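# A look at the structure
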Amino acid sequence: MTKVYRKGLPFSAEVAPLIGAMPLLDEYREPLMRLQGAWDSLALLGQMSGAATDMADTRSAFEALTGRLLDSLARRQLRNAVQQLQGRSQVAIDILIRNLFERTADVGFLASDGPLRAALSGAEDLQALRQRFAAYVAKYSVYDQVVLLSADGRRIAALDEARCAPLVDEPALRAALDPGRAFVEVHGPTALLGGQAGLVYAAAVEPAGTAGGTSGTAGSSGQRGLLCLSFKLEDELLGLFRALCAGVKRSVLVLKDGDGRVLLTSDPWQIPLGAPLADAGEAQGWRLDFAGRDYLSCSSAASGYEGYFGPGWTAQMLQPLQHAFADAPPERQDERARQVDTRALFDEELRSIPLEARRIQRELSRSLWNGKLKSRAQAQGSAQESNAFAVTLLNEVERTGDQLRQVFERAIAQLEDGALGAIFDAAGFQAELAISIVNRNLYERANDCRWWALDARLQQALAIGDAAAASEVLASIHALYTVYSLLLVFDNSGRVVAVSDPAQAHHVGRSLQGEWVGAALGLRDTSRYVVSAHEPCGLYGEDGHAPCLVYAAGVPHPDGGGQVGGQVGGIAVVFDGAPQFRAMLRAALPAQAGAAALLVTRAGQVVASSDERWHPGDRAPVALASLQSLPADRQVTGEFDHDGCVQAFGLAMSGGYREYRRLTPPDPSDLAALVLMPLGERLADGAGIQGQAAFVPQAPAGAQQVDVASFLVDHQWLGLPALQVLAALERQRITAWPQAPAAVRGMLGFEGRMLPVLDLGQLLFNRPCGDEAALLVCQTAAGQRLVLAVQQLGQVFVAGAEQLQLSPTRPGWAAQAQVRLLKGQGPLMLTLLDGDDLWRLVSGVAEPAAPSTPPALTLN
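Source: prediction; values computed, not measured.

When helices and strands are tallied, the chain shows 16 helices and 35 strands. Looking at the chain as a whole, 53% of its 860 residues qualify as buried. Taking the intrachain contacts of the chain between residues at least 6 apart in sequence as the baseline, contacts between residues at least 24 apart amount to 64%. Approximately 36,400 Å² of the chain is accessible, and the part contributed by carbon and sulfur atoms is 51%.

Listed below in structure tokens is the structure:
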């Protein structure tokens, strides 16, 4: 990987140009460089006095690790920022495309409406037609203009005639009349809107009595016409853009056409309408210079929906570079998340940094240990002042090394916090996205059933009992709206009259059951609809007993003046929820392995899932009290354990969309989206040694003093007299010893002799010290040598002999064993062992005093 030097440190080429905009790096770079400078001074003093151990390798290792750490911090910051911008721009364009897909179906269906077709031949009252347009827009409020044109562009009727020119001569719209053309979508200034820009969907209208009509439809062939629907693009997107920009400081979301010009912007003061805006991808380092200002920028093309990709537009999100990295990474939102093994969240290089830092710290501790042991041994001679200086210098080196370690640990914790915070934020954001997609989709379902109930052909067919004509109309609608599994009409007794799918004709004649049936027949207002509970109703699934949502409305009598009071029955649309909900949830899934999304009720029942582990009717994987009380349009995040893994979750409660279920009180039928993202395994209490409190000795008291070399075994502080410890060793290969007892790891060479390696964790606590164990060589008064494997090296310090107390209860040791206790500052205690006692245990000279103690080891 190419490295570029910035501020004296190597950085990856992708982040090097951004370093100046990342204040977090200076927060760690400055103390690290300052401590390394202090270390250089200490090393120089040590070399001049000959008192200190060689620290050059450790210094170089820390310097190299500093570069890797800061580079990793920079790359993680860039990754988090880019993921945030990329994810939100993708959401913006994909939600728009899903919305526009519905518009393509709307224009096709409305173009087949009987009153529109009759108007082409002058058989329809134009005032009544305008009222019908108003009724349509009252249900589909995403439109602001509906116009019927003749083939030559003359206005026949318009919802808002004041805005529409009498003659609309626009070739792009007339292209909808071309043979085989289902519709056209055109954006730009149009006479339909008084010259203002808009997004218009147009489809050909066949005159009554031609191939587009139902059997029995009267009328002359006449000329074809053109239906135009103007979609409220700005009204729809600006609210979405504002929601997506919330929480991303000074950010801008724009919609661009195929030529890269801005069609819509959330902040025209930063990025104005009509401005040409270049893309900025990974090849450009995600940087964009616009109007003299540097931005971090990400663009997204449409993912497509049901094979539809829209007009070829893209969404682009930008954030000024000076703000992109200004805020500290989000902190962990759940204290228990600190007990999670987060290694799986990082790539191999990031995972190696804390391991390398611990390795360097171990080597430093070993080097300092050996320096202190050497100085303590020399202190027995006459050079007291020189040795005192050496010990002081080594203590200062140790303090500086510990400060370096602490900075590294804080930075690594910052990486972990940033990764976890980003995951919790993503879970909440993706849950909000999922429920938003669901709300927008179900809004269309509520509109569809109400509008189709006003179809004159269905009204007439139900009034005269013409099942064939009703089936033909339902089939033509179903061909346009593929999100349904079945459309049907029923009479006032609840008996099915016709269905849209001939394969499901067995439903004809059956009596529908469920509260929704009577509720639909009891409606007295064409603006009202009913929806069933998500439960089996005999209309969905292979056996007809799968749970589903059914939307229904009353069908008014054709002579009833548009009121349902004189209804001829009802219409029901069975939403194909299994694949449709699954597709919605998968569209909202974060880009993380193992993530899952569920749609649940307030009672915690699963409605749909992106994951095969959960099916409709199952209980949600976590019992959340907030489900019952969570207000509409609110989201919460947290974590829980599931199948041995800690899962971060985001839960977002539905708040409706436009007129659909907005400002309604909490109801058992409310839906919520639950997004799960795996974090890792839960760490056992006390797992790891990083949180182990250091043993701090009390100030030595009394004339007699003893030097103590301390170490950690099974999270307990032990020690030996420093004079009995010769050296701490680098990690070395241990030769296996066949038939050796469990506590003996094998043999190790030291100064020309093969020494037994005794695992103190296995010997004393029946728990081995592990592969990362430190090795130290101890020697008895008689000169026998033994290598001890311990968990971690501690300090070498001075204690007063009078502070040592004999251990009253130490099972497994002979009566002559010199096991003593030393109280430190605070509650910690250190057990001071004796090398001669350890040798007697190993060689079998002293037999255990209690049967619960591991058996004595025998050396040949």
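Now that the structure has been shown, the text picks up again.
To continue, consider the confidence of the model for the chain. Mean pLDDT over the chain: 82, with 83% of residues reaching 70 or higher. Scored below 50 in pLDDT, residues 686-691 makes seven contacts in the model with residues more than four places away or belonging to other chains. Long-range and interchain partners of residues 845-860, a stretch whose pLDDT sits below 50, account for 37 contacts in this model, where long-range means more than four residues apart.

Glancing now at the sheet that holds strand β7 (residues 225-231). On the basis of which strands lie adjacent, the open sheet formed by five strands has the order β4-β3-β7-β6-β5 and antiparallel pairing. In this open sheet, the two edge strands, each paired with only one partner strand, are β4 (155-158) and β5 (184-189). Strand-to-strand twist of the sheet, defined as the mean angle between neighbouring strand axes without regard to direction, takes the value 25°.

Before going further, it helps to spend a moment on the sheet that holds strand β28 (residues 744-750). Judged by pairing direction, the sheet is mixed, and its five strands sit side by side in the order β27-β30-β31-β29-β28 without closing on themselves. The open sheet is flanked by β27 (725-729) and β28, the only strands paired with a single partner. Within the sheet, the average angular offset between the axes of one strand and its neighbour, ignoring direction, is 30°. Judged from the three bridges that link them, strand β29 (residues 753-759) and strand β31 (residues 785-790) form a sheet pairing that is parallel. When the bridges of β31 are listed, leucine 758 appears paired with leucine 788. The strands that helix α16 (residues 835-843) touches are β29 and β31; relative to β31, the one it contacts most, it runs at about 95°.

A word on the pattern of salt bridges. Where side chains of opposite charge bring their charged atoms close, a pairing between them can arise. Scanning the model with the defined rule gives 23 salt bridges in all. Between arginine 103 and glutamate 444 there is a salt bridge, with its nearest N and O atoms 2.9 Å apart. Of this pair, arginine 103 sits in helix α2 (residues 56-110) while glutamate 444 sits in helix α9 (residues 384-452), and the two are 341 residues apart along the sequence. As far as the burial class goes, arginine 103 and glutamate 444 line up, both buried.

Moving on, we get to the nonpolar core. If you look at the biggest cluster of nonpolar residues, it comprises 152 residues, and the most contacted ones within it are Leu255, Phe325, Trp452 and Phe581. Apart from the residues lying within four places of it in its own chain, the contact partners of leucine 255 are Ile93, Leu96, Leu233, Leu237, Phe241, Arg261, Val262, Leu263, Leu264, Trp313 and Thr314. Formed by 41 residues, the second largest nonpolar core is a distinct cluster that contains Leu373, Val713, Leu729 and Leu841.

Another aspect to go through is the packing of aromatic side chains. The relation between two aromatic rings is expressed through the spacing of the ring centres and the mutual angle of the planes. Applying the stated rule across the entire model yields 16 aromatic pairs. Note on tyrosine 136 and tryptophan 451: the rings are 4.5 Å apart at their centroids and 75° apart in plane angle, and the pair reads as edge-to-face. One end of the pair, tyrosine 136, is in helix α4 (residues 126-139); the other, tryptophan 451, is in helix α9, and 315 residues separate them in sequence. Given the relative accessible area of 1%, tyrosine 136 is considered buried.

All right, on to the pairing of strand β8 (residues 252-256) then. Most of β8 is tucked away, with five of its five residues classed as buried. Covered by surrounding structure in β8 are Val252, Val254 and Lys256 together with Leu253 and Leu255, the residues of both alternating faces. Inspection of the sheet shows β8 paired to strand β9 (residues 262-265) by three bridges, in the antiparallel sense. If you follow valine 254 over to β9, its bridge partner there is threonine 265. Once β8 ends, the chain turns through five residues before running back antiparallel as β9, passing glycine 260 with a positive phi of about 85°.

This structure, assessed with the given rule, holds zero disulfides. Considering cysteine sulfurs only, cysteine 537 is the nearest to cysteine 548, which forms no disulfide, with 3.6 Å between them. Given the relative accessible area of 2%, cysteine 548 is considered buried.

What follows concerns the environment of aspartate 71. Secondary-structure assignment places aspartate 71 in helix α2. Considered as a pair, aspartate 71 and alanine 16 are 55 residues apart in the sequence and their alpha carbons are 8.7 Å apart. Residues in contact with aspartate 71, not counting those within four places in the same chain, are Lys3, Pro10, Phe11, Ser12 and Val15.

So, on to α16. Regarding α16, the residues found buried are Gly835, Asp837, Leu838, Trp839, Leu841 and Val842. If you follow the buried residues of α16, they end up packed against β26 (716-721), β29, α15 (760-765) and β31. If you check the start of α16, you find a side-chain oxygen 3.0 Å away from the backbone N of aspartate 836, and it comes from aspartate 834.

Let us now look at the side chain of asparagine 447. With respect to the element layout, asparagine 447 can be found in helix α9. Those residues in contact with asparagine 447 that sit more than four places away from it in its chain are Lys139 and Tyr140.

Another aspect to go through is the packing of helix α10 (residues 456-464) against helix α11 (residues 467-480). Contact geometry of α10 with α11 gives a least axis separation of 8 Å together with a crossing angle of 155°. Relative to α11, the element α10 lies roughly antiparallel. In this structure, the crossing between α10 and α11 has a hand that is left-handed. From α10, Arg457, Leu458 and Ala461 reach across to α11, where they touch Ala469, Ala470, Val473 and Leu474.

Turning our attention to α11. Here α11 contains 14 residues, and its C-alpha end-to-end distance of 20 Å stays within 8% of the 20 Å for a straight helix at 1.5 Å per residue. Within the sequence span of α11, burial applies to Ala469, Ala470, Val473, Leu474, Ile477 and His478.

Okay, the side chain of glutamine 724 next. Tracing the sequence through the fold places glutamine 724 in the loop between β26 and β27. Within the local environment of glutamine 724, its side chain forms a polar contact with the backbone nitrogen of glycine 835, the two atoms lying 2.6 Å apart. Every residue in contact with glutamine 724, bar those within four places of it in the chain, is listed here: Val777, Cys778, Gln779, Asp834 and Gly835.

The next thing to look at is the environment of valine 146. Residue position: valine 146 is located in strand β3 (residues 143-150). Its relative accessible area of 0% is what places valine 146 among the buried residues. In sequence terms valine 146 and valine 107 are 39 residues apart; their C-alpha atoms lie 10.0 Å from each other. Residues contacting valine 146, with those up to four places away along its chain left out, are Leu110, Phe133, Val137, Ala157, Ala158, Leu159, Leu227, Cys228 and Leu229.

Overall, the relative accessible area of 13% leaves glutamine 724 in the buried class. Sequence-wise, glutamine 724 and valine 777 are 53 residues apart; in three dimensions their C-alpha atoms are separated by 8.5 Å.

Conventions and cut-offs
- Residues numbered from 1 in each chain as written.
- Predicted model: local features only at pLDDT ≥ 70, side-chain atom pairs only at ≥ 80, totals over all residues.
- Heavy atoms only, no water.
- Helix = DSSP H or I, 4+ residues; strand = E, 2+ residues; numbered from the N terminus.
- Buried < 20%, exposed > 50% of the residue type's maximum accessible area, 1.4 Å probe, protein only.
- Contact = heavy atoms within 4.5 Å.
- Areas by Shrake-Rupley, 256 points an atom, 1.4 Å probe, with all protein chains shown as cover.
- pLDDT = per-residue confidence, 0-100.
- Pairing = 2+ DSSP bridges.
- Axes fitted to C-alpha atoms, helices over the stretch in contact; angles between N-to-C directions.
- Salt bridge = Lys/Arg side-chain N within 4 Å of Asp/Glu carboxyl O.
- Core = buried A, V, L, I, M, F, W, Y, C linked by side-chain atoms within 4.5 Å.
- Phe/Tyr/Trp six-rings, centres within 6.5 Å; stacked < 30°, edge-to-face > 60°.
- Disulfide = S-S within 2.5 Å.
- Polar contact = N/O pair within 3.5 Å; in protein donor to acceptor, adjacent residues only side chain to side chain.
- Parallel < 35°, antiparallel > 145°, perpendicular 65-115°, else oblique.
- Left-handed = near helix turned anticlockwise from the far one by under 90°.
- Expected span 1.5 Å × (residues − 1).

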